[in-house]
Amino acid sequence: MIKSMQDLVKRAELLKPKTMVVAAANDHPVLEAVVMAKKGKLIHPILIGDQEEIIKILIELQAKPSEFTIIDEKDPMLASEKAVKMVSSGKGDILMKGFVDTSVILKAALDKEFGLRTPNRISHVSVMEIPAYHKLLMMSDGAMNIDPNVDIKQEIIENGVEVLHAIGVKHPKVGMIAAVEKVNPKMQATLDAVELIERNQNERIKGCTIGGPFALDNAINHEAAVHKGITDPMAGDVDFVVMPQIESGNVFYKSMMFLAGAKSASVIAGARKPIVLTSRADSKESKFYSIALACLIAEAK
């Protein structure tokens, strides 16, 4: 079982390198991670963007521009469209966001004509190595879906379960997070948890076991669960926490990263090919880990 980011990278290193297309690649933090991933033989990068800027950054990073495929396109919107079309047509395995607004690249990625749409809604997932937790923990959604209803939460679960299968978690334990661990008719997150557990038991949601509602403490801490008399066997041992809305997910992610010293890998799931879309505040290591995660997902597609 993968228990750390280093394990995740090692598994990705065993694969045949994946072709990754970077839209608006003239971005120093992104290219740092791309160079790391190329050195690790995880990817063959195709860099679309301002060629002059890309070459300048590669030289600053002590990389040889001649070893990279560079396509000159100074307009970020056109660079995004070209990148998506390459991945959609099979010329790339992974799409990565560079120096372009998230809305621009997602508009291209979701284009009905040439994009990477599937029947499912796309969602943001983060896999984290947290010092205080005994294994990798995945969370969703802290970046895209603002206030998901129960049907959207089902699609978020399905997207996340596919990612966990790709990294070797055969039957993930999915914890539905709320403010409390008891069903409260005034708290929609608890009602959604009950509905999703029922769907899981009726095999409308497959490949995982869903539990909850859980307050965060009893989802990830066995002692807290015992103290509160929670008997669900997954309490304190979940693989995947599903957040009730974007605020709780965003706060949880940033708390783990900036206060708890977590390491993370994040991708957009639910598209035909994995999309690496990281925050500018993310470290080069997080971007590198995200590329490794995307390689594992691409292998499983």
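Residues numbered from 1 in each chain as written. Predicted model: local features only at pLDDT ≥ 70, side-chain atom pairs only at ≥ 80, totals over all residues. Heavy atoms only, no water.

**Q** Tell me about the pattern of salt bridges, and name the residues and values.
**A** Scanning all chains against the criterion turns up 13 salt bridges. Linking Glu 32 and Lys 284 is a salt bridge whose minimum nitrogen-to-oxygen distance equals 3.9 Å. With Glu 32 in helix α2 (residues 28-39) and Lys 284 in helix α11 (residues 284-300), this pair connects stretches of sequence that are 252 residues apart. Here Lys 284 falls in the partly exposed class, since its relative accessible area comes to 35%. One continuous salt-bridge network, built from bridges that share partners, spans Lys 135, Lys 173, Asp 237 and Asp 239. (Salt bridge = Lys/Arg side-chain N within 4 Å of Asp/Glu carboxyl O. Helix = DSSP H or I, 4+ residues; strand = E, 2+ residues; numbered from the N terminus. Buried < 20%, exposed > 50% of the residue type's maximum accessible area, 1.4 Å probe, protein only.)

**Q** Before we move on, could you go through a nonpolar patch on the surface and cite the residues and values that matter?
**A** Judged by side-chain polarity, Val 183, Leu 191 and Val 194 come together as a nonpolar surface patch covering roughly 210 Å² of accessible area. Looking at where Val 194 falls in the secondary structure, it is placed in helix α7 (residues 188-201). (Patch = residues over 30% accessible without salt bridge, like charges linked within 9 Å, V, L, I, M, F, W, Y side chains within 5 Å. Areas by Shrake-Rupley, 256 points an atom, 1.4 Å probe, with all protein chains shown as cover.)

**Q** I'd love a proper account of the packing of helix α6 (residues 150-166) against α7, names of residues and values included.
**A** The geometry of α6 relative to α7 is characterised by a closest axis approach of 10 Å and an angle of 55° between their N-to-C directions. In terms of axis orientation, α6 runs oblique to α7. Relative to α7, the crossing made by α6 is right-handed. Contact residues: α6 offers Val 150, Asp 151, Lys 153, Gln 154 and Ile 157, while α7 offers Ala 189, Asp 192, Glu 195, Leu 196 and Arg 199. (Axes fitted to C-alpha atoms, helices over the stretch in contact; angles between N-to-C directions. Parallel < 35°, antiparallel > 145°, perpendicular 65-115°, else oblique. Left-handed = near helix turned anticlockwise from the far one by under 90°. Contact = heavy atoms within 4.5 Å.)

**Q** Would you mind going over unusual backbone geometry in detail, with residue names and values included?
**A** Of the consecutive residues Ser 140 and Asp 141, the connecting peptide bond is found in the cis state with omega at 5°. Relative to the assigned elements, Asp 141 resides in the loop between β6 (137-140) and α6. Along the chain, Gly 212 connects to Pro 213 via a cis peptide bond; the corresponding omega equals 0°. Of note in the backbone geometry, Glu 203 takes a positive phi value of approximately 65° without being a glycine.

**Q** Any chance you could break down the nonpolar core for me, citing the residues and the numbers?
**A** Of all hydrophobic cores here, the largest spans 65 residues; its most connected members are Val 34, Leu 47 and Ile 157. Ranked by the residues each element gives to this core, the list is headed by α11, at 10 residues. Excluding its chain neighbours within four sequence positions, the residues that come into contact with Ile 157 are Val 174, Met 176, Leu 196, Ile 205, Cys 208, Ile 210, Phe 240 and Val 242. Formed by 23 residues, the second largest nonpolar core is a distinct cluster that contains Ala 83, Leu 95, Leu 116 and Ala 271. (Core = buried A, V, L, I, M, F, W, Y, C linked by side-chain atoms within 4.5 Å.)

**Q** Tell me about the pairing of strand β2 (residues 43-49), and please be specific about residues and values.
**A** Residues in a regular strand project their side chains so that they alternate between the two faces of the sheet. Among the seven residues in β2, six count as buried, and that is most of the element. Once the chain exits strand β1 (residues 18-23) it traverses α2 before rejoining the sheet at β2, and the crossover so formed is right-handed. Here four bridges tie β2 to strand β3 (residues 69-72), and the two strands are oriented parallel to one another. Bridged to Leu 47 within β3 is Ile 70. (Right-handed = clockwise from strand over helix to strand, strands pointing away. Pairing = 2+ DSSP bridges.)

**Q** Before we move on, can you summarise helix α5 (residues 102-109) with the specific residues and values?
**A** Inspection of α5 places Ile 105, Leu 106, Ala 108 and Ala 109 among the buried residues, and these make up the whole buried set. Summarising the axial view, the buried residues of α5 lie within an arc of 160°, below the 170-degree limit, and thus occupy one face. Seen from the open side of α5, the exposed residues pointing more than 90 degrees away from its buried face are Ser 103 and Lys 107. (Arc of directions from axis to C-beta.)

**Q** Let's hear about the side chain of Asn 159: which residues, and what values?
**A** Mapped onto the elements of the fold, Asn 159 is located in helix α6. Of note is the side chain of Asn 159, whose polar atom sits 2.9 Å from the side chain of Ser 123. (Polar contact = N/O pair within 3.5 Å; in protein donor to acceptor, adjacent residues only side chain to side chain.)

**Q** Tell me about the environment of Lys 3, residues and numbers included.
**A** Its location among the elements puts Lys 3 in the segment before α1 (5-13). C-alpha of Lys 3 to C-alpha of Leu 137: the two residues are 134 residues apart in sequence and 9.1 Å apart in space.

**Q** So, the packing of aromatic side chains: which residues are in play, and what are the values?
**A** One pass over the full model with this rule turns up one aromatic pair. Ring centres of Phe 288 and Tyr 289 lie 6.0 Å apart, and the angle between their planes is 50°; this geometry places the pair in the tilted category. We note Lys 38 situated over the ring of Phe 68; from NZ or CZ to the ring centre the distance is 5.2 Å. Sitting over the face of the ring of Phe 114, Lys 85 holds its NZ or CZ atom 4.8 Å from the ring centroid. (Phe/Tyr/Trp six-rings, centres within 6.5 Å; stacked < 30°, edge-to-face > 60°. Lys NZ or Arg CZ within 6 Å of the ring centre and 35° of its normal.)

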